[in-house]
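Analysis of the macromolecular model
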Amino acid sequence: MIGRQLVARLSSRLRRAAPRILFVGHFQRDGGSSNALLGYARAAGRRGIDLRVSSLVPLHPEVERAVPVADPEWRADYLVFVFEDWQYLSPPALEQLQRSTPRSRRLVIDQDGKYSPPTSAGADSNHRSDDEWRSWKGLFERLSDVILQPTLAAPQPGVESFLYFAAPPRIASCGTNRSFDVVYVGNNWYRWQDLVWFGQGIAPIRDRLGRIAVCGKWWDDETERDHPEQTWSDPRLLKRLGIELLPAVAFGDVVETMSRGRLNPQFVRPVLNELALVTPRMFEAFAADTVPVFPPHLRHVDRLYGQAIEPLVLPERPAAAVLQMLERHSEYAALAKEIAGKLEREHSYDARLSQLLGFFG
């Protein structure tokens, strides 16, 4: 009897010793960050770590069903604030989260380079003004001393590099479910020029290709209300280029949807390219049964993948290269699989979670 009581007490202590982590962010149905949240939640579950997402910020119902949700009174050991392009915290939520967990146990994930000084790439920029930059800096510095960016470049002063996104498990071959020669999965946020470059670049061989599709929001002439420039498109041009428009994909279905295409172009927002920030698709595309291909102006992909990526980087005029990739698809698929294996070994969500916990000391 005494032995059973001792085992019970030890088990209880071990359960209490496992860290409790609260992710706070604007996690939506078709957001890349929601897929990352799911990856962290699954990795935490495998390790017996209690990871939840905060209910103080509105969540999409599909996120609520996929990831454990913490009620407002739940107390975490560590807080992870995830930011993209919106300061989503209401003043009451901000105050409550600051009171709930000591500053030394809070950190900020800055996905879009908002802590960095104003930086532009063509019409795209991380800030519209110096005042906006100061607003973001002030918010991050109020929340934590640890500010992390998923950058492959030397980080800005006050920032540490942490890639944040990771490689989900690879899926098996989709076989007969492959519907397209080319499919792009992602929303239009300053990605219009990349899609037009690709579509016009393959126009000379379009009659030799099968179906081509883009899955996402703001490709159909309906712009985001507060950001018309960022989300502008011309669906009539896409129709002339033979590109089909399909609805946005839920975060948990991204990898499977990419597998419906033999090739998957990877388009990155210009300012993220300028800041050498990684995106979730840079990992997720290789988890799919497809061949990811990259435009020549993505300057930092070799820092992530190494020299092995060179055959998957398209030339400025991509028609002949795309045709070759489709005609010799098995060779390029083998190369993609080799890169995927390396990503899975070195950049899994289990590894990322360990790295994340290391920033708390």
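Description of the structure in this document. (Residues numbered from 1 in each chain as written. Predicted model: local features only at pLDDT ≥ 70, side-chain atom pairs only at ≥ 80, totals over all residues. Heavy atoms only, no water.)

Examining the packing of helix 2 (residues 32-46) against helix 14 (residues 349-358)
Relative to each other, helix 2 and helix 14 sit at 85 degrees, their axes nearing to 9 Å. Judged by the inter-axis angle, helix 2 sits roughly perpendicular to helix 14. Listed contacts from helix 14 to N35, A36, G39, Y40, A43, A44 and R46 of helix 2 are Y349, D350, R352, L353 and L356. (Axes fitted to C-alpha atoms, helices over the stretch in contact; angles between N-to-C directions. Helix = DSSP H or I, 4+ residues; strand = E, 2+ residues; numbered from the N terminus. Parallel < 35°, antiparallel > 145°, perpendicular 65-115°, else oblique. Contact = heavy atoms within 4.5 Å.)

Quick word on helix 2
For helix 2, built from 15 residues, the straight-helix expectation of 21 Å at 1.5 Å per residue is met to within 8% by its first-to-last C-alpha distance of 22 Å. Counted residue by residue, helix 2 has 12 buried out of 15 residues, so it is predominantly covered. Regarding helix 2, the residues found buried are G32, S33, S34, N35, A36, L37, L38, G39, Y40, A41, A43 and A44. Downstream of helix 2 by a residue or two, G48 has a phi angle that is positive, lying close to 70 degrees. (Expected span 1.5 Å × (residues − 1). Buried < 20%, exposed > 50% of the residue type's maximum accessible area, 1.4 Å probe, protein only.)

Section: the packing of aromatic side chains
The geometry of two aromatic rings is summed up by the distance between their centres and the angle between their planes. This structure, assessed with the given rule, holds 21 aromatic pairs. Ring centres of W192 and W232 lie 5.7 Å apart, and the angle between their planes is 90 degrees; this geometry places the pair in the edge-to-face category. Of this pair, W192 sits in helix 6 (residues 192-201) while W232 sits in the loop between strand 11 (212-215) and helix 7 (235-240), and the two are 40 residues apart along the sequence. Note on W192: relative accessible area 8%, which makes it buried. Among the aromatic side chains, those forming a connected cluster through ring pairs are Y184, W192, W197, F198, W219, W232 and F267. (Phe/Tyr/Trp six-rings, centres within 6.5 Å; stacked < 30°, edge-to-face > 60°.)

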